[in-house]
Amino acid sequence: MMAKYSQFRSCFVFGAFIVIFLTHLGFFCKSEDVSSSPAESSESELEAEVERKALTDEVELEQDQGRYKLPTVFIPILARNKAHALPTFLAYIERLNYPKDRISIWIRTDHNEDGTAYLLYQWALKVQNIYHSVDFNFTMDPNNFTGQEGPYDWTDERYDHLIDLREMALLQARYNWADYLFPVDTDNFLTNPNVLRILIKQNKTLVAPMLNSLTMYSNFWGAVSEKGYYKRSPEYVLMLRRNITGLYQVPMIHSTYLVNLRHKVSDKLSYEPSQAFLDRKSDIDDMLTFKDSADSAGIPMYIMNTHIFGKLLPPAGRKDSLYDEGERVVFLRLEAMLEADDEPMPTSEYLTDQFPAPDKMGFDEIYMINLVRRPLRRKRMVATMRELGIQAQVYDAVDGKALSTADIIRLGIDMLPGYLDPWAKRTLTKGEIGCFLSHYYIWQEVVEKGYEKILIIEDDIRFEYKFRAKMHYLFKEIEEQQRKWDLIYVGRKILRAKDEAYLNGSKILVSPSYSYWTLSYMLTLEGAKKLLAQEPLGKMIPVDEYLPIMFNKHPRNDWAEQFHPRDLVTYSVNPLFVFPTHYTGEPNYISDTETSGIWEEELKGQDPGCSKSSDDQLETGDSSGGDTSNGTNAIPSAEESKNIESPPSTASKDDPTVSKSIKNTEL
């Protein structure tokens with residue numbers, strides 16, 4: 001028996017050794033080029049898989065830290081004219097889940113036309129005793145490169161200078177005996193705090209975390225052309241959209257990547273162009289020269305997209321201004337809130353606030369309508385106003401769900417005879433009543449306080465790029481053309497675009513056709529008086545049906561004839577300045593106006609608020625995110641969503657740089 005057991009134990013140990021050995025060789029590991037999520041996987045499945053991996057890695061990383069010292073990391077920060085991006089960039093460097101005493105920071109900045117050097121100096125002074133080392137060097141003069149057309153123009157001199165700086169950083173990292181070099185461009189934002197640890201675990205000489213922008217731009221190439229330049233590939237799109245996820249060998253990584261200096265072959269890496277490279281190419285930049293050295297040494301480059309690692313800005317244009325760059329940063333920060341449970345991107349705790357002084361943009365008042373039971377949307381909109389430098393009053397909306405039969409009778413509310421929703425073929429909902437009252441009470445306040453012009457915005461909107469610049473352009477055109485108006489749509493649902501034409505002499509205003517939604521609109525004192533004079537509570541319809549009636553563009557004559565006169569002078573900006581955060585059919589879409597109780601049920605004495613609808617169940621804690629406009633009763637398809645691909649902001653309109661940017665803004 002003992003002999004059999006001994007033989008069994010020997011076989012078991014030998015078998016276990018074989019398994020470990022084969023595992024080490026990769027026989028039982030997932031191939032790096034095989035996706036962990038098939039292309040046909042749903043978006044929710046992909047998100048769940050990413051979250052699962054993140055949680056698994058977090059547990060493993062916590063276990064690792066208790067066993068040994070982590071490798072040393074050298075982070076070079078090379079910045080020029082990046083004052084707008086630095087507070088966010090540095091915040092994410094601070095939040096890296098990695099011991100700061102194992103990180104060395106190496107900062108170089110020069111040729112700046114903004115406050116980049118001051119911000120980095122301020123930050124370096126405050127963190128110098130937190131990190132293993134902080135090496136900071138800057139020059140103030142000159143503040144530009146010879147022959148440049150703008151602060152972001154890449155001249156040959158600038159490329160040569162950057163190559164020198166990158167080579168200096170690489171040599172310094174080797175001199176410091178750093179285990180890893182981790183270059184991160186200052187307009188790259190590493191939202192995943194575990195990014196360093198995850199990349200180190202891959203044990204690759206060159207590996208990058210895939211970063212997303214608001215366009216199809218990222219920090220890797222999917223293919224190269226015959227001449228060795230960028231080429232779009234089908235795989236690039238699949239990886240970028242995370243239809244396939246994994247660790248993939250690609251021809252180029254840039255902007256943010258990890259170099260394993262413990263691998264002997266890394267000694268062959270360099271940013272300096274080889275003579276062979278110079279003989280082949282006329283264009284020289286740091287990405288191409290570094291790729292050439294990696295190719296010559298036989299070092300493959302890898303991109304990893306198994307996690308959400310962060311975001312980056314697309315490259316600035318040759319003639320872009322500092323103001324344009326600031327607008328791109330603001331727009332990215334605004335859009336990021338919609339993807340992160342309404343949480344704003346952080347700013348460095350070691351820098352003073354970089355937000356602009358708020359103002360009312362020339363209005364007497366700006367009202368932001370929000371339901372008290374939607375606290376996350378309120379939080380996001382308050383943060384949005386802060387980013388844009390807008391001083392807005394948070395206006396508590398009337399909650400239709402809380403209205404009782406007695407309230408409706410006391411307010412003298414009655415539905416317009418013959419009204420049925422054009423889409424759903426139903427009568428007014430309690431949510432639509434609450435929405436109408438919210439706008440109605442603001443109109444009353446405008447008249448009571450004598451406001452000449454106000455702006456109303458709802459809490460479920462997203463602002464377009466350069467929102468403030470476009471508002472300034474609008475005011476300027478109105479003033480120059482001495483145009484009289486009562487109401488101007490800033491955001492709405494256009495139903496009949498072919499029936500709308502630009503006003504004579506205008507580049508931005510159209511005469512609107514029948515429209516839905518009250519996402520945002522400007523209103524004058526005279527306009528508020530006209531809306532109130534109809535005594536609309538006694539013949540109520542949804543507010544976004546009432547407005548087209550008042551500017552005499554409603555298709556239902558039987559409804560319109562019950563209101564006289566219909567002389568509300570109304571225009572709309574085109575293209576629109578704001579859009580909904582979500583559309584019908586998209587994740588996190590909820591309506592507070594379409595399914596929150598039916599008119600007939602109120603009149604019968606039944607309170608639909610006593611039984612929860614599916615929307616009610618989703619509202620708990622507002623965890624489901626944004627809903628449609630409080631003035632919505634149309635049901636657009638998800639395909640109607642506007643895809644915002646180009647990068648909203650805050651500098652003074654009197655700044656000549658801003659004025660030039662406004663002039664060049666595509667409206």
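This is a predicted model, so every value here is computed, not measured.

Rules and cut-offs
- Residues numbered from 1 in each chain as written.
- Predicted model: local features only at pLDDT ≥ 70, side-chain atom pairs only at ≥ 80, totals over all residues.
- Heavy atoms only, no water.
- Helix = DSSP H or I, 4+ residues; strand = E, 2+ residues; numbered from the N terminus.
- Pairing = 2+ DSSP bridges.
- Contact = heavy atoms within 4.5 Å.
- Axes fitted to C-alpha atoms, helices over the stretch in contact; angles between N-to-C directions.
- Phe/Tyr/Trp six-rings, centres within 6.5 Å; stacked < 30°, edge-to-face > 60°.
- Buried < 20%, exposed > 50% of the residue type's maximum accessible area, 1.4 Å probe, protein only.
- Right-handed = clockwise from strand over helix to strand, strands pointing away.
- Core = buried A, V, L, I, M, F, W, Y, C linked by side-chain atoms within 4.5 Å.
- Salt bridge = Lys/Arg side-chain N within 4 Å of Asp/Glu carboxyl O.
- Parallel < 35°, antiparallel > 145°, perpendicular 65-115°, else oblique.
- Left-handed = near helix turned anticlockwise from the far one by under 90°.
- Nonpolar A, V, L, I, M, F, W, Y, C, P; charged D, E, K, R; others polar.

I tried to follow the environment of Leu403 on my own but got confused; where do I start?
One can find Leu403 in the loop between strand 16 (393–396) and helix 12 (405–410). Residues Leu403 and Gly431 lie 28 residues apart in sequence; the distance between their C-alpha atoms is 9.2 Å.

Would you take a moment to explain the sheet that holds strand 16 for this structure?
Pairing between sheet strands relies on hydrogen bonds along the backbone, with the strands arranged either parallel or antiparallel. If you trace the seven strands from one edge of the open sheet to the other, you get 16-15-17-21-19-22-20, paired in mixed fashion. Each of the sheet's edge strands pairs with one partner strand only, and the pair in question is strand 16 and strand 20 (509–510). Contacts from helix 13 (residues 430–449) reach strand 15 (365–370), strand 16, strand 17 (453–458) and strand 21 (515–524), with the element oriented near 160 degrees to strand 17.

How should the packing of aromatic side chains be read in this particular structure?
To describe a pair of aromatic rings, one takes the distance between the centres and the angle between the planes. Counted by the stated rule, this structure contains 25 aromatic pairs. Taken together, a centroid distance of 5.1 Å and an interplanar angle of 50 degrees make the contact between Tyr419 and Trp559 tilted. Within this pair, whereas Tyr419 is found in the loop between helix 12 and helix 13, its partner Trp559 is found in helix 17 (residues 557–560), the two being separated by 140 residues in sequence. Since its relative accessible area comes to 2%, Tyr419 is described here as buried. For Trp559, a relative accessible area of 0% corresponds to the buried category. When the centroid spacing of 5.9 Å and the interplanar angle of 75 degrees are considered together, the rings of Phe436 and Trp443 count as edge-to-face.

What should I look at first to understand the pairing of strand 2 (residues 103–109) in this one?
Note on strand geometry: in a regular strand, side chains alternate between the two faces of the sheet. Among the seven residues that make up strand 2, seven are buried, leaving the element largely enclosed by the rest of the structure. In terms of strand pairing, strand 1 (residues 73–79) meets strand 2 through seven bridges, oriented parallel. Pairing of Ala79 across the sheet is with Thr109, part of strand 2. Direction of pairing for strand 2 relative to strand 3 (residues 133–138): parallel, over a ladder of six bridges. Considered in strand 3, the bridge of Trp106 is made with Asp135. Considered for its hand, the β-α-β crossover made up of strand 2, helix 4 (residues 116–127) and strand 3 is right-handed.

Is there a simple way to think about the nonpolar core in this case?
It is characteristic of soluble globular proteins that their nonpolar side chains tend to be buried jointly. Membership of the largest hydrophobic core comes to 52 residues, with the highest contact counts inside it found for Ile77, Trp123 and Phe182. At the level of elements, strand 1, helix 3 (86–94), strand 2, helix 4, helix 6 (195–201), strand 13 (301–304) and helix 10 (322–337) are the ones that each hand at least two residues to this core. Leu371, Phe436, Ala528 and Ala560 belong to the second largest nonpolar core, which has 45 residues in total.

Just to check I follow, could you spell out unusual backbone geometry for this structure?
It is generally the case that most residues other than glycine have a negative phi and that most peptide bonds are trans. Cis geometry is found at the peptide bond from Asp141 to Pro142, where omega equals -5 degrees. By the secondary structure assignment, Pro142 is in the loop between strand 3 and helix 5 (156–175). The linkage connecting His564 with the following residue, Pro565, adopts the cis geometry, with an omega of -10 degrees. Summarising the element assignment, Pro565 is placed in the loop between helix 17 and strand 22 (570–573). A positive phi angle, close to 60 degrees, is found at Lys466, a residue other than glycine. Relative to the elements of secondary structure, Lys466 occurs in the loop between strand 18 (461–463) and helix 14 (467–481). Residue Lys466 is classed as buried on the basis of its relative accessible area, which comes to 6%. Positive phi values are uncommon outside glycine, yet Glu535 reaches one of about 50 degrees. Among the secondary structure elements, Glu535 is positioned in the loop between helix 15 (525–533) and helix 16 (543–550).

What's the story with the pattern of salt bridges in this structure? I'm lost.
When their charged atoms lie close together, side chains carrying opposite charge are able to pair. By the definition in use, this model includes 30 salt bridges. Asp486 is the partner of Lys530 in a salt bridge, and the nearest nitrogen-oxygen pair spans 2.7 Å. Taken as a pair, Lys530 in helix 15 and Asp486 in the loop between helix 14 and strand 19 (487–494) lie far apart in primary sequence, 44 residues in all. You'll find Lys530 and Asp486 in the same group, each marked buried. A network of salt bridges, in which partner residues are shared, links Lys82, Asp187, Asp320, Glu325 and Arg328.

When you look at the sheet that holds strand 6 (residues 206–209) in this model, what are you seeing that I'm missing?
Taken together, the eight strands give an open sheet; going across it, the order is 3-2-1-4-12-6-13-10, and neighbouring strands pair in mixed fashion. Looking along the sheet, the strands with just one partner apiece sit at the ends: strand 3 and strand 10 (247–250). Summarising the sheet, strand 6 and strand 12 (residues 258–260) pair through two bridges and their orientation is antiparallel. Bridged to Val207 within strand 12 is Leu258.

It is not clear to me how the packing of helix 3 against helix 4 should be interpreted in this structure. Could you clarify?
Working note: a packed helix pair is described by the angle between its axes plus the distance between those axes. Where helix 3 contacts helix 4, the two axes come as close as 11 Å, and the packing angle between them is 25 degrees. Here helix 3 is positioned roughly parallel relative to helix 4, judged by the angle of their axes. Handedness of the helix 3/helix 4 crossing: right-handed. Residues Leu86, Leu90, Ile93 and Glu94 of helix 3 form the contact with helix 4, whose participating residues are Thr116, Leu119, Leu120 and Trp123. Of the residues belonging to the contact of helix 3 with helix 4, the class tally is six nonpolar, one polar and one charged.

Nothing here speaks to function; it is all geometry.
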